[in-house]
Number of protein chains: 2
Amino acid sequence: MLSLDEMGRRAKLAAGTLACSGTDLRNRALELIAQALTGHADEIIAANEADITAAREVGISESLLDRLRFTRERITSTAEGVKKVALLDDPLGRSDGAWTRPNGLRICRMRVPLGVIGIIYEARPNVTADAAALTLKSGNACILRGGKEAIRTNIAVMGLIRSALQKAGLPADCCQIVEDTSHESAQELMRLSRWLDVLIPRGGAGLIRSVVESASVPVIRTGEGNCHVYVDESADIDMAAQIIFNAKTSRPSVCNAAETLLVHQGIAQAFLPAAKKLLDEKHVELRGCARTQAILGPQVKPATEQDWETEYNDYILAVKVVDGIDEAITHINTYGSGHSEAIVTESYANAEKFLSQVDAAAVYVNASTRFTDGYEFGLGAEIGISTQKLHARGPMGLGELTTTKYAVYGSGQIRL
Amino acid sequence: MLSLDEMGRRAKLAAGTLACSGTDLRNRALELIAQALTGHADEIIAANEADITAAREVGISESLLDRLRFTRERITSTAEGVKKVALLDDPLGRSDGAWTRPNGLRICRMRVPLGVIGIIYEARPNVTADAAALTLKSGNACILRGGKEAIRTNIAVMGLIRSALQKAGLPADCCQIVEDTSHESAQELMRLSRWLDVLIPRGGAGLIRSVVESASVPVIRTGEGNCHVYVDESADIDMAAQIIFNAKTSRPSVCNAAETLLVHQGIAQAFLPAAKKLLDEKHVELRGCARTQAILGPQVKPATEQDWETEYNDYILAVKVVDGIDEAITHINTYGSGHSEAIVTESYANAEKFLSQVDAAAVYVNASTRFTDGYEFGLGAEIGISTQKLHARGPMGLGELTTTKYAVYGSGQIRL
């Protein structure tokens, strides 16, 4: 097993080759990776079954087991995803502006790869191929570290990716997986700033926080979503009920699902029963403030300070009646994670106020928060949803996996 | 003295106001700050003299004393700088792309402020007003922490800035200075991730490294410059000698000065004596590889591995004769800090190769590395020169102090 330092050194070398590689070559490698995944699905499934057996022995939960499972169907769908990445526009080599200075220096800002990207993730083995495809397409080398439960599957998938890279004529070290899944190796990866240009954690809030606390490598925080829907006094009640129902229940486990409903006091009496009727269909547990309880009755549990802070990722919704839009905005800017926030309103002024004052990656008027997603936004791909402000904010596509380089063309200029 | 946590809370509140403030209001505040600096120069000078007396008592060096000194002339020039920032284009509110999705959602990517910016710097008191002006112009609140030597000056300057902000009708807490200059307060600031969106250290390599190691707030590394000039076989010898002379000696203490000269073996015999003749004028100490010594004679000291790694910031230049452009590129990508790198060549192919393969913020053909600077690049301002790849790379102007927000306009869309 290679040391992380040696893996980093090799990744940097491979990144140098990748940065100068043509679009066709990278696309060819992606095609070969997709072929290898479907062509060797049996090997992947065998490794995955060994992972599942081992996971069962230590008694992990059924939902984790489901995430871990890499069926033939899922492998095929992952391979299709890799092929689709090949079809996307190359984010490299475009000029991001070019100008000439009075002294004749011609300055050209080019999009170039970030270099070496570390990705730390949890149980889902499809991430291994997804992440490799996106980093490869954008000209970056990657060092992946998946969860220990999926290690056999991940090693099998990475073996196929590396063979495909070599077959395409690219260094196998463009993509590497950390085989040591100990806590220590994760810590070491987070401090590998000599070789890593960026670290992207993908997973639950605990993982993200631990990486942010420990890393010396620059981190992009992703996927923390304490999202709100605010129903303004002038809202269309039907539209508002459909939006909170969709934002809460269409997929409660994801980061763009709503966790708290804020309702203007002037519409609460009419709106809350309508919303509850829909939410009851999915047995959503409501936790409300005193005014909410007064309207909906005692079967609504009381909400505590902790409810405003919590990303449930479940069929639970906190509900608060607010005096008006200012209280809603203050609540969101206090408790929100800066992910996705929505207002439902017929008021132009309040729509503009909400858009301008709410501090989040995506702010919606009259639409569900569930649209915050690279595919839904039309980026063609997604490596994660950034909830920090540095480098990238919101859904990150291929463009967010690049940086810039100034190419400066002179004819002997010196600085006076 | 306020706690850092309380300062952070106030900064975030002020940032909310600033983010929605108009260009005219922010420009008016900048004008008032400039007026206050010149109008109250005597107070600043008195505080500065107290700093200088205290610094003399602990016996700090003459060069540090010079950096600490805030003369009437320097105050006037700083005030002029603040006025110039007011004249720059507002980086906020521009759309960074807008499109409509098939479901009718209209997505608009807006430039918005980063939020709260922490800046840790060393002795120069002009940074206090410079940094406040740039963060204010770009709609960000700032928490500044200067060196302990300049604390009296910084408090005086900040007092004037805060009065000017209030006079303009903006919260004084848009700009704050950390009065506790202990090591502990610096550590606390670096971990204030609840309130700070980004931390920018400005200063020597030791400061930068310590911040990168300790911070949980996202950091932008700036100003680490181990820069190279590579003289290719086909270079114009006169041009190459002028470029290395300028890159090394026009201001050796800055980060875009050259530290190592790489010379193709085929031109070394002719070029090195010509370069040495110029460099001798400024008594530049040369530290060369064996081939350099063989050409220039024994008064050139031998270079060690450490010389290739060192940012001298002084009249010292490491010199290495290389077999060709590949060795030069490998040397640069191994030892360089990713700041500014130059090739001098008449070969089109080698120019393109160098531009493509060298991994740095700015890569030059036939020009001095000294041009890497916000003003020289035409950005109109500079908060620092980033040597990392995340968020910003190279000179950072006002645009680099912003991030994006997706404003999404719907009409009841839900995700299917």
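Calculation rules
Residues numbered from 1 in each chain as written. Chains lettered and ligands numbered in written order. Predicted model: local features only at pLDDT ≥ 70, side-chain atom pairs only at ≥ 80, totals over all residues. Helix = DSSP H or I, 4+ residues; strand = E, 2+ residues; numbered from the N terminus. Rg over C-alpha atoms; globule rule 2.2 N^0.38 Å. Buried ≥ 20, exposed ≤ 12 C-beta atoms within 10 Å, placed from the backbone. Contact = placed C-beta atoms within 7 Å. Pairing = 2+ DSSP bridges. Axes fitted to C-alpha atoms, helices over the stretch in contact; angles between N-to-C directions. Least-squares fit on C-alpha atoms with pLDDT ≥ 70 in both. Domains from an automatic or database assignment. Parallel < 35°, antiparallel > 145°, perpendicular 65-115°, else oblique. Left-handed = near helix turned anticlockwise from the far one by under 90°. Nonpolar A, V, L, I, M, F, W, Y, C, P; charged D, E, K, R; others polar. Arc of directions from axis to C-beta. Expected span 1.5 Å × (residues − 1). Right-handed = clockwise from strand over helix to strand, strands pointing away.

**Q** Quick rundown of the overall build of chain A? Include the residues and the values.
**A** The helix and strand inventory of chain A stands at 15 helices and 16 strands. Against the globule reference of 22 Å for 416 residues, chain A gives a C-alpha radius of gyration of 24 Å, in line with a compact fold. On the principal axes, the C-alpha backbone points of chain A span a range of 70 × 70 × 35 Å. Across the 416 residues that make up chain A, the buried fraction comes to 56%. Look at the contacts in chain A between residues 6 or more apart in sequence, and 72% of them connect residues 24 or more apart.

**Q** Hey, could you go over the sheet that holds strand β6 (residues 198–202) of chain B for me, with residue numbers and the actual values?
**A** Residue and element names in this part refer to chain B. Judged by pairing direction, the sheet is parallel, and its four strands sit side by side in the order β5-β4-β3-β6 without closing on themselves. Strands at the two margins of the open sheet, each flanked by one partner only, are β5 (175–177) and β6. For this sheet the average axis-to-axis angle between neighbouring strands, irrespective of direction, equals 20°. When strand β3 (residues 116–121) meets β6, the two strands line up parallel, connected through five bridges. Considered in β6, the bridge of I120 is made with P201. Packing against the sheet, helix α1 (residues 4–19) makes contact with β3, β4 (141–145) and β5, and its axis sits at approximately 145° to β4. Here helix α8 (residues 183–190) sits on the sheet in contact with β3, β4 and β6, set at roughly 145° to β3.

**Q** A description of the relation of the copies chain B and chain A should follow, citing residues and the corresponding values.
**A** The two copies are related by a screw motion: chain B maps onto chain A through a turn of 180° and a shift of 0.0 Å along the axis, at an RMSD of 0.0 Å. These values place the two chain copies in the arrangement generated by a two-fold rotation axis. Taking the C-alpha atom as reference, chain B places H391(B) closest to the rotation axis, 1.7 Å from it. Counting the interface residues of chain B, we find that 98% of their copies in chain A are interface residues as well, pointing to one common contact surface.

**Q** Tell me about the sheet that holds strand β10 (residues 301–302) of chain A, residues and numbers included.
**A** Within the open sheet, the ten strands sit side by side as β10(A)-β9(A)-β11(A)-β8(A)-β7(A)-β12(A)-β13(A)-β16(B)-β2(B)-β1(B). Their pairing is mixed. Sheet topology places β10 of chain A together with β1 (95–100) of chain B at the edges, where each strand pairs with a single neighbour. In this structure, β1(B) lies alongside strand β2 (residues 106–113) of chain B, joined through four bridges in antiparallel fashion. Bridged to A98(B) within β2(B) is C108(B). Running at roughly 160° to strand β12 (residues 340–344) of chain A, helix α10 (residues 237–249) of chain A makes contact with β7 (227–231), β8 (258–264), β11 (316–322), β12 and β13 (362–367) of chain A together with β16 (402–413) of chain B of the sheet.

**Q** Summarise the domain arrangement of chain A; cite the residues concerned and give the values.
**A** For chain A, the assigned domains read domain 1 (4–221 + 388–409) and domain 2 (227–371). Between the C-alpha centres of domain 1 of chain A and domain 2 of chain A the distance comes to 35 Å.

**Q** Could you give me a rundown of the packing of helix α2 (residues 23–39) of chain A against helix α6 (residues 126–137) of chain A, with the residues and numbers involved?
**A** All names here are of chain A. Interaxial distance between α2 and α6 falls to 9 Å at its minimum, and their mutual angle equals 165°. For the element pair α2 / α6, the angle class is roughly antiparallel. Once α2 is placed against α6, the crossing between them reads as right-handed. For the pair formed by α2 and α6, the contact residues are R26, A29, L30, I33 and L37 on the first element and A129, A133, L136 and K137 on the second. Taken together, the residues of the contact of α2 with α6 break down into seven nonpolar, no polar and two charged.

**Q** Go over the interface of chain B and chain A, please, and point to the residues and values.
**A** Contacts between the two partners involve 57 residues from chain B and, on the opposite side, 56 residues from chain A. Elements that contribute at least two residues to the side of chain B that touches chain A include exactly α9 (205–214), α10 (237–249), α15 (348–357), β13 (362–367) and β16 of chain B. The element contributing the most residues to the side of chain B that touches chain A is β16(B), with eleven residues. Sheet analysis places strand β16 (residues 402–413) of chain A next to β13(B), joined by five bridges and oriented parallel. For V408(A), the partnering residue across the bridge sits in β13(B) and is Y364(B).

**Q** Account for helix α9 (residues 205–214) of chain A, naming residues and giving values.
**A** An α-helix turns once per 3.6 residues; consequently, residues spaced three or four apart project the same way. Residues and elements named next belong to chain A. Considered for burial, the residues of α9 that qualify are I208, V211 and V212. In a view along the axis of α9, the buried residues occupy a sector of 100°, so they form one face of it. Among the exposed residues of α9, those oriented more than 90 degrees off its buried face are G206 and E213.

**Q** How would you sum up unusual backbone geometry? Please name residues and give values.
**A** The backbone of N366(A) shows a phi angle near 55°, a positive value even though the residue is not glycine. Position of N366(A) among the secondary structure elements: in strand β13. Classification of N366(A) by C-beta neighbours within 10 Å gives buried; the count is 23. Even without being glycine, N313(B) reaches a positive phi, approximately 55°. Mapped onto the fold, N313(B) is located in the loop between α13 (305–309) and β11 (316–322).

**Q** If you had to explain α1(B) to someone new, which residues and values would you point to?
**A** The terminal C-alpha atoms of α1(B), which comprises 16 residues, lie 22 Å apart, in line with the 22 Å expected from a rise of 1.5 Å per residue. Every buried residue belonging to α1(B) is among L4(B), M7(B), G8(B), R10(B), A11(B), K12(B), A14(B), A15(B), G16(B) and L18(B), and all of these are buried.

**Q** Residue-level account of the pairing of β13(A), with values.
**A** All names here are of chain A. β13 sits mainly inside the fold: six of its six residues count as buried. Summarising the sheet, β12 and β13 pair through four bridges and their orientation is parallel. Residue pairing across strands places E341 opposite V363, the latter belonging to β13.

**Q** Could you give an account of the environment of V358(B), naming the residues involved and the relevant values?
**A** Residue and element names in this part refer to chain B. With respect to the helices, strands and loops of the structure, V358 is situated in the loop between α15 and β13. Sequence separation between V358 and S340 is 18 residues; the distance between their C-alpha atoms is 9.7 Å. With sequence-adjacent residues up to four places away left out, V358 is seen in contact with I329, I332, N333, E341 and V363.

**Q** Which residues make up the environment of P218(B), and what values go with them?
**A** All names here are of chain B. Here P218 shows up in the loop between α9 and β7 (227–231). When the 23 C-beta atoms within 10 Å are taken as the criterion, P218 is described as buried. Spatially, the C-alpha atom of P218 lies 6.1 Å from that of L199, the residues being 19 residues apart in sequence.

**Q** Could you give me a rundown of the pairing of strand β9 (residues 285–288) of chain B, with the residues and numbers involved?
**A** Residues and elements named next belong to chain B. Examined bridge by bridge, β9 and β11 share four bridges and lie parallel to one another. Bridging from a neighbouring strand, L286 pairs with L317 of β11. Relative to strand β10 (residues 301–302), β9 runs parallel, the two sharing two bridges. Among the inter-strand pairings, G288 is bridged to a residue of β10, identified as P302. In this region the chain leaves β9, passes through helix α12 (residues 290–296) and returns to the parallel neighbour β10; the handedness of that crossover is right-handed.

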